[in-house]
Amino acid sequence: MLVSNWNNYPRVEAALADFRSQDEALSILEEANKCIPRGLGRSYGDCSLGADIISTPGFKRLIHLDPQKGTLECESGTSLDQILSVIIPHGWFLPVTPGTSRITLGGAISSDVHGKNHHLHGAFGRHVLDLRLLTPQGQVLECSRNENPEIFQAVCGGMGLLGLILSARISLMPLESVFIRQKTIPAADLDQLMGLFESYHQSTYTVAWMDCLKSGRNLGRGLFMHGEHCRAGEASRRGLTHPDSKVLSLPFNLPFRALSPLGIKAFNSLYFYRKSRRTGYQFSNIASFFYPLDVIDNWNLLYGKKGFLQYQFVLPSRNSREGLQKILQHINSFGQPPYLAVLKLLGPGEGPLSFAQYGYTLALDFPMRPGVFSLLKALDRVVQKLGGRIYLAKDARMQKHMFWQGYPRAKEFLELKKKLDPENKLSSLQSRRLGLCQNQY
Amino acid sequence: MSKPVLILGAGSDMAKALAHELGAAGHDLYLAGRNLEELQKDARDLEIRYGIKARGVYFDALDFASHENFYDGLETRPYGVVLAFGILGDESLARSSREQWEKIIHTNYTGCVSILTVAANRLEQAKEGFVAGISSVAGDRGRAANYVYGSAKAGLSTFLSGLRNRLHGSGVRVITVKPGFVRTRMTRDLDLPSRLTATPEQAAKDIFRAITKKRDIVYTRWVWRWIMLVIKGIPEKIFKRMSI
């Protein structure tokens, strides 16, 4: 069948094998020549694509919940959404969550995903206590910071290339209320926006929306948002229930010209001025604060059949200002506006292939239009020159040299892969493109 | 335990999905089948998710002699029994292999009679509860492609119909479930038309609704009721020439 991930590019012919038990997983892995684990397909690109895919969402049992200490162990195909619906009523929350809850635990670890609190709480991997890894040679390894620590660190962010994560135990964060107290602050330009990130460094959740179509004095205009969990009873007397908003779904693919550059410009201005007027604190529930797009089941279809590309990079903090400025200028000069641009200040990263490093990350959504690849190449040059890197979970087109320069610890990762996967069984279209196979760098 | 339900053949995809429906509604569960280790993991999962009690228990549908002891050995008497085991078998092999057709018949029919006879007697004594048997639309009319399987399912449907008749007025309800195509591991190698094919979750919702809404016979998806009405209405003279 034709398989693609969330951005619908690329689309490849693939065979999916699912499993319900460790034994079934083992036999899939034994029979496979080359394969790659894949969860709910929310990555943007080809990191979990290949001719043979081990599909994990059927492997989704909860193994142990400790409601006193706040730890949960479950199988790797469990979605964060399912985890939340179980832990919230017990007064716990995920210590790190990305912008969608429709991803699997295994995917969250393998991409070492981050959230709006990365500057304080790190990426998902930091909150994994231990995990069980089925290696391509059929061994089950218990990995934690004490046991097989090197493997443990590399599996976090390891893109499923070292083995199949069977289960993991994560630590949870106490939750008193399902509400978030948030505030939006308008920023007239890039300096102001970055200044806000610095001054609100102690806020738990920080993120900014950026209007990429402004140039000159208003270059980098945006809206900065910061939020905190409410204390018990602060926002509402309602108890701890998973605020499962009604899910809508689009009946069809929209024609991809639905949002023209002019339309985006108009939308951006409207959005900026509307939001700028609401300056006080606002309360929103967890679902609408963390997962605003989850209410539309298939918002990716807004970009039409051809799909879209997400470009997310991080620049070292000392070069962030210069880099962001150049990137915005390129976008303006190419006339290829991204539909969405999200800025975030990250803290340091951990695993050898983990994306995060101390500095600013910008995520841009580009509809698939002629010329978009050459724009991204131009952006690549800026990112590469300034010592930045691209997020593997959101990559469908990066070139090999860019990867090896951006991820200096990839050699260390590859050494480990040679030991765990000498036959190079686990590989994706992405890992082959980037030369993440043995003897290839 | 609160209204425990025994699921026989709990390892099947449809049974697993139904266990979640029943668990979410607060029923305690016995998950019965041969792969005890996996069933215990399933049980633990259901306990954490729904705050119910769930337990995996060993059950072999083909070991008829063990059925009475199995049922009476359950810690708490089930309030409801869901019969979800069954195999598709290899129909072409069944033409030449006695072993194969015996396996199909005994799993899909004889084993059901064996365990449901015990269950029906115990439920009748308790004067409440339900039996839900998962039969198949294949039992509604014999086709060249799967008539050994179909005839066993026809036997099961008839058995359930008779049981419903016998237990009417006793407080015990009998529900016959007739799934059409369901996308499960049992059918993973078949090329199924997507519009007529249910996911195990959809089928489980239909079955759960039938249990709570006191239905007698339920087709899942619903469109199969009408499809089978048409198919049953075709005169044998014509039907025998058709390949459907």
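Here the structure is shown first, and the text comes after it.
Described in the following lines is the structure provided in the data block. Small disclaimer: the values here were computed from a predicted structure and weren't measured. (Residues numbered from 1 in each chain as written. Chains lettered and ligands numbered in written order. Predicted model: local features only at pLDDT ≥ 70, side-chain atom pairs only at ≥ 80, totals over all residues. Heavy atoms only, no water.)

1. With respect to unusual backbone geometry
The peptide bond linking tyrosine 9 of chain A to proline 10 of chain A adopts the cis configuration, its omega dihedral lying at -10°. Relative to the helices and strands, proline 10 of chain A is located in the loop between strand 1 (2-4) and strand 2 (11-13). Omega for the peptide link from threonine 220 of chain B to arginine 221 of chain B comes to -5°, which places this bond in the cis form. Take arginine 221 of chain B: it is sitting in the loop between strand 9 (217-220) and helix 8 (223-233). (Helix = DSSP H or I, 4+ residues; strand = E, 2+ residues; numbered from the N terminus.)

2. Comments concerning the sheet that holds strand 3 (residues 54-58) of chain B
Residue and element names in this part refer to chain B. With parallel pairing, the 7 strands of this open sheet are ordered in space as 3-2-1-4-5-6-9. In the strand order of this sheet, the two ends are held by strand 3 and strand 9, each with one partner. Neighbour to neighbour, the strand axes of the sheet diverge by 15° on average, direction disregarded. In the sheet, strand 4 (residues 80-83) pairs with strand 5 (residues 129-134) via 4 bridges, with the strands oriented parallel. Across the sheet, the residue bridging to glycine 80 is phenylalanine 130, located in strand 5. Helix-sheet contacts for helix 5 (residues 98-126) involve strand 1 (5-8), strand 4, strand 5 and strand 6 (172-179), and the interaxial angle to strand 4 is about 170°. Most of the contacts of helix 6 (residues 147-167) go to strand 6, to which it runs at about 160°, and overall it touches strand 4, strand 5, strand 6 and strand 9. (Pairing = 2+ DSSP bridges. Axes fitted to C-alpha atoms, helices over the stretch in contact; angles between N-to-C directions. Contact = heavy atoms within 4.5 Å.)

3. Regarding the packing of aromatic side chains
Residues and elements named next belong to chain A. Tallying each qualifying case throughout the model produces 24 aromatic pairs over all chains. Between the aromatic rings of phenylalanine 289 and phenylalanine 290, the centroid separation amounts to 4.9 Å while the plane-to-plane angle is 90°, which identifies the pairing as edge-to-face. Its relative accessible area of 9% is what places phenylalanine 289 among the buried residues. Plain terms: the ring middles of tyrosine 303 and phenylalanine 308 are 4.0 Å apart, the flat faces sit at 20° to each other, and that makes the pair stacked. The class for tyrosine 303 is buried, based on a relative accessible area of 7%. Overall, phenylalanine 308 belongs to the buried group, its relative accessible area being 0%. In this structure an aromatic cluster arises from ring pairing among Trp6, Tyr44, Trp299, Tyr303, Phe308 and Tyr339. Stacked on the ring of phenylalanine 289, the Lys or Arg lysine 116 has its end atom at 4.9 Å from the ring centre. One Lys or Arg, arginine 389, reaches over the ring of tyrosine 407 and ends 4.5 Å from the middle of that ring. (Phe/Tyr/Trp six-rings, centres within 6.5 Å; stacked < 30°, edge-to-face > 60°. Buried < 20%, exposed > 50% of the residue type's maximum accessible area, 1.4 Å probe, protein only. Lys NZ or Arg CZ within 6 Å of the ring centre and 35° of its normal.)

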